Amino acid sequence: LQNKIFMSDISPAAFRKELKKVLLAAVDKKEPMDGLRDDEPLFGEGSRLDLDSLDGLQISIAIQHKYGVRMADSKDVRRALTSLISLATHIESRKK
């Protein structure tokens, strides 16, 4: 637990930047050349990362390991992984 980052310890922008690194590492992807916006879709139409359901599972496992937040089911994962902002909000709401 000692290496977990707590959202209260850093700014929201810094947390989303760290979260982006965790997400990309979990799915072994590079950030698009012009960056990944915080509100950009991570899955489905409009997503430039081309993620699939296995990627969603890998991200949820990485989130659980890094932040201690478990995503209960596939609906929870889909809701949380809409964008970086939705994922950050999901994690923050579970840490309180």
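In the block above lies the structure referred to throughout.
Heads up: these notes are all about the structure in this document. None of the values given here were measured: they were computed from a predicted structure.

### Brief notes about the overall build of the protein chain
Along the protein chain, the regular secondary structure elements total four helices and zero strands. Counting from the amino terminus, the protein chain carries its helices and strands in the arrangement α-α-α-α. In terms of overall size, the protein chain behaves like a compact globule, its C-alpha atoms giving a radius of gyration of 12 Å where 96 residues would be expected to give roughly 12 Å. Each of the three principal axes of the protein chain carries a C-alpha extent, and together these read 35 × 30 × 20 Å. In the protein chain, buried positions account for 40% of the 96 residues. Restricting to contacts in the protein chain with at least 6 residues of sequence separation, those with at least 24 account for 58%. Total accessible area on the protein chain is roughly 6,100 Å²; 51% of this is exposed by carbon and sulfur atoms. Averaged over its 17 positive side-chain charges, the protein chain has a centre that lies 5 Å from the centre of its 15 negative ones.

### Examining the side chain of S60
Mapped onto the elements, S60 comes out in helix α2 (residues 53-67). Overall, S60 belongs to the buried group, its relative accessible area being 10%. Beyond its immediate chain neighbours, meaning those up to four positions away, S60 contacts M71 and V77.

### Here's the deal with the layout of surface pockets
One number sums up the size of the largest pocket: a volume of about 150 Å³. As for the largest pocket, its lining consists of F43, D52, S53, G56, L57, S74, V77, R78 and L81. Contributing elements (two or more residues each) for the lining of the largest pocket: α2 and α3 (74-80).

### With respect to the packing of helix α1 (residues 12-26) against helix α4 (residues 84-95)
Taken N-terminus to C-terminus, the directions of α1 and α4 make an angle of 105°; their axes are 10 Å apart at the nearest point. Classified by the angle their axes make, α1 and α4 are roughly perpendicular. Contacts between α1 and α4 involve F15, R16, L19, K20 and L23 from the former and L84, I85, L87, A88, I91 and E92 from the latter. Among the residues forming the contact of α1 with α4, the class breakdown is eight nonpolar, no polar and three charged.

### A short note on a nonpolar patch on the surface
On the surface, L54, L57 and I61 cluster together to form a nonpolar patch covering roughly 280 Å² of accessible area. Turning to its location among the elements, L54 is positioned in helix α2. Here L54 falls in the exposed class, since its relative accessible area comes to 52%.

### Notes on unusual backbone geometry
A positive phi angle, close to 55°, is found at D28, a residue other than glycine. Within the fold, D28 resides in the loop between α1 and α2. With phi around 55°, D50 is a residue other than glycine that occupies positive phi space. With respect to the secondary-structure elements, D50 resides in the loop between α1 and α2.

So, how was this worked out
- Residues numbered from 1 in each chain as written.
- Predicted model: local features only at pLDDT ≥ 70, side-chain atom pairs only at ≥ 80, totals over all residues.
- Heavy atoms only, no water.
- Helix = DSSP H or I, 4+ residues; strand = E, 2+ residues; numbered from the N terminus.
- Rg over C-alpha atoms; globule rule 2.2 N^0.38 Å.
- Buried < 20%, exposed > 50% of the residue type's maximum accessible area, 1.4 Å probe, protein only.
- Contact = heavy atoms within 4.5 Å.
- Areas by Shrake-Rupley, 256 points an atom, 1.4 Å probe, with all protein chains shown as cover.
- Lys, Arg positive; Asp, Glu negative; His and termini not counted.
- Charge placed at Lys NZ, Arg CZ, Asp CG, Glu CD.
- 1 Å grid on protein atoms, 1.4 Å probe; cavity = no way out; pocket = protein on both sides within 12 Å on 5 of 7 lines; lining within 4 Å.
- Points joined across faces, edges and corners; volume = space filled by probe spheres on them.
- Axes fitted to C-alpha atoms, helices over the stretch in contact; angles between N-to-C directions.
- Parallel < 35°, antiparallel > 145°, perpendicular 65-115°, else oblique.
- Nonpolar A, V, L, I, M, F, W, Y, C, P; charged D, E, K, R; others polar.
- Patch = residues over 30% accessible without salt bridge, like charges linked within 9 Å, V, L, I, M, F, W, Y side chains within 5 Å.
- Salt bridge = Lys/Arg side-chain N within 4 Å of Asp/Glu carboxyl O.

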